[in-house]
Amino acid sequence: MIISPGRNYIFVHIPKTGGTALAMALEARAQAEDILIGDTPKARRRRARLKGLQARGRLWKHSTLSDIDGLVSAERVAAAFTFTLVRNPWDRMVSYYHWLRGQDFDHPAVHLAKDRDFIGFLAAPETQAALRATPARHYMTAADGREYCRLFIRLEHLEEDAAPLWARLGFTLEVAPANRSERGPYAEYYDARAVQIVADCAAEDIARFGYRF
């Protein structure tokens, strides 16, 4: 997440949507007072600034607008240019699975991904529950229960969809890929049942952003 008082924007980083690449591009032009929350190089250098800050939820790279209540007032959230990246859910779940398999921290999702193949991972009730519970709207909903998002940028159409952001900033950023996993095309990981699982669990985002398998 990046909170920029000077440029009046809030970037919310939804997991496995290409957000690290955009965060790194944004932080390359960060202003001195910008609050960088995450594990990108400049965010790590500024991490000490987060000590003592009070917020409703956890301050980490994937904080939601609700999480930052108290750190950022409701009025500032409503007035800010709030934006995020979204991604084809079928592709995103393959990326998420491979990322989990490369981790070594103690978390149920990590253990599940390492213990099962991709189809088995998707079939797990806990995987489906997590996917259903966290559409893009979840991340862009503030503490008042209202969604605030001026711009959803589809990763697959970044150049086109980001045009309003570049216009707002007054400059264009080069977004270089980051944190890519080594894998094949996402469609190769699916059978008919797995396709339907994602279709059901991510139905809101699929309909909203026009995604297809």
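Structure report, in brief. This one's a predicted model, so the numbers in the text were calculated from it and none came from an experiment. (Residues numbered from 1 in each chain as written. Predicted model: local features only at pLDDT ≥ 70, side-chain atom pairs only at ≥ 80, totals over all residues. Heavy atoms only, no water.)

1. Some thoughts on the overall build of the protein chain
Put simply, the rule is: Runs of E in the DSSP output that reach at least two residues are strands. Runs of H or I that reach at least four are helices, and both are numbered from the N terminus. The reference for a compact globule is 2.2 Å times residues^0.38; the radius of gyration itself is calculated from the C-alpha atoms. Note on exposure labels: buried denotes an accessible area under 20% of the residue type's maximum, exposed denotes more than 50%, and partly exposed covers the range between, all computed with a 1.4 Å probe on protein chains only. Residue contacts are defined here by distance: any two heavy atoms, one from each residue, within 4.5 Å place the two residues in contact. All accessible-area figures derive from a Shrake-Rupley calculation using a 1.4 Å probe, and residue coverage is judged against the displayed protein chains alone.
A tally of helices and strands in the protein chain yields 12 helices and 5 strands. Whereas a compact globule of 213 residues would reach a radius of gyration of roughly 17 Å, the protein chain reaches 17 Å, a difference of no more than 12%. Referenced to the eigenvectors of the C-alpha coordinate spread, the extents of the protein chain come out at roughly 50 × 35 × 35 Å. Looking at the protein chain as a whole, 48% of its 213 residues are labelled buried. For the protein chain, restricting intrachain contacts to residue pairs at least 6 apart in sequence, the fraction spanning at least 24 positions comes to 65%. Just so you have it, the protein chain exposes about 10800 Å², and 49% of that area is on carbon and sulfur atoms.

2. Comments concerning the sheet that holds strand β1 (residues 2-4)
Rules: In this scheme, strands are said to pair when DSSP sees at least two bridges between them.
Within the open sheet, the 5 strands sit side by side as β3-β1-β2-β4-β5. Their pairing is mixed. Strand pairing shows two members of the sheet lacking a second neighbour, β3 (35-36) and β5 (151-154), which therefore form its edges. Here β1 pairs with β3 via 2 bridges, running antiparallel. Counted as the bridge partner of I3 is I35 from β3.

3. Regarding the packing of aromatic side chains
Operational definition: Aromatic contacts are taken between Phe, Tyr and Trp rings whose centres are within 6.5 Å, Trp giving its six-membered ring; a plane angle under 30 degrees counts as stacked, one over 60 as edge-to-face, and the others as tilted. Whether a charge sits over a ring comes down to the Lys NZ or Arg CZ being within 6 Å of the ring centre and within 35 degrees of the ring normal.
Inspection of the entire model under this criterion finds 14 aromatic pairs. Through a chain of ring-to-ring contacts, the aromatic side chains of W90, Y96, Y97, F118, F121, Y186, Y189, Y190 and F213 assemble into a single cluster. The lysine or arginine in question, R29, covers the ring of F171, its NZ or CZ lying 3.8 Å from the ring centre.

4. A word on the packing of helix α4 (residues 89-101) against helix α5 (residues 108-115)
To keep it simple, the criterion reads: Lines fitted to C-alpha atoms define the axes here, with helix axes fitted over just the stretch in contact, and angles between the N-to-C directions of these axes take values from 0 to 180 degrees. Orientation labels follow simple angle bins: below 35 degrees gives roughly parallel, above 145 gives roughly antiparallel, 65 to 115 gives roughly perpendicular, and whatever is left gives oblique. Nonpolar residues are Ala, Val, Leu, Ile, Met, Phe, Trp, Tyr, Cys and Pro. Charged residues are Asp, Glu, Lys and Arg, and all others, Gly as well, are polar.
One way to put it is that α4 packs onto α5 with a least axis distance of 8 Å and a crossing angle of 95 degrees. With respect to their mutual orientation, α4 and α5 come out roughly perpendicular. Across from Y96, Y97, L100 and R101 in α4, the residues of α5 making contact are A109, V110, A113 and K114. Class assignment for the residues of the contact of α4 with α5 results in 6 nonpolar, no polar and 2 charged.

5. A closer look at the environment of Y186
Put simply, the rule is: Definition of a polar contact: a pair of N or O atoms within 3.5 Å, with one able to donate and the other able to accept a hydrogen when the atoms are protein atoms, and with sequence-neighbouring residues admitted only if both atoms are side-chain atoms.
The residue Y186 is located in the loop between α10 (163-169) and α11 (192-201) in this model. Between the C-alpha atoms of Y186 and R92, which are 94 residues apart in sequence, the distance is 8.5 Å. Leave out the neighbours within four places in its chain, and Y186 touches N88, W90, D91, V94, R212 and F213. A distance of 2.5 Å separates a polar side-chain atom of Y186 from the backbone oxygen of F213.

6. Things to note about helix α1 (residues 19-27)
Among the 9 residues that make up α1, 8 are buried, leaving the element largely enclosed by the rest of the structure. For α1, the set of buried residues is G19, T20, A21, L22, A23, A25, L26 and E27.

7. What to know about the packing of helix α7 (residues 125-133) against α11
Between α7 and α11, whose axes approach to 9 Å, the crossing angle comes to 35 degrees. Within the contact between the two elements, α7 uses Q128, L131 and R132 and α11 uses I197, D200 and C201. Of the residues in the contact of α7 with α11, the class split is 3 nonpolar, 1 polar and 2 charged.

8. Side note on the nonpolar core
Definition in use: In plain words, nonpolar cores are sets of buried Ala, Val, Leu, Ile, Met, Phe, Trp, Tyr and Cys residues tied together by side-chain atoms within 4.5 Å.
Ranked by internal contacts, the top residues of the largest apolar core, which has 45 residues, are I3, I10, L65, W90, M93 and Y190. Not counting chain neighbours up to four residues away, the residues in contact with I10 comprise M1, I2, I3, L65, I68, V72, V77, A80, F81, T82 and F83. By size, the runner-up hydrophobic cluster in this structure holds 22 residues, among which are A23, F81, L85 and A162.

9. Here's the deal with the environment of R116
By the secondary structure assignment, R116 is in the loop between α5 and α6 (118-123). Overall, R116 belongs to the partly exposed group, its relative accessible area being 38%. In sequence terms R116 and H138 are 22 residues apart; their C-alpha atoms lie 27 Å from each other. For R116, the residues in contact, after removing those within four places along its chain, are Y97, R101, F121 and A124. Of note is the side chain of R116, whose polar atom sits 3.3 Å from the backbone oxygen of G120.

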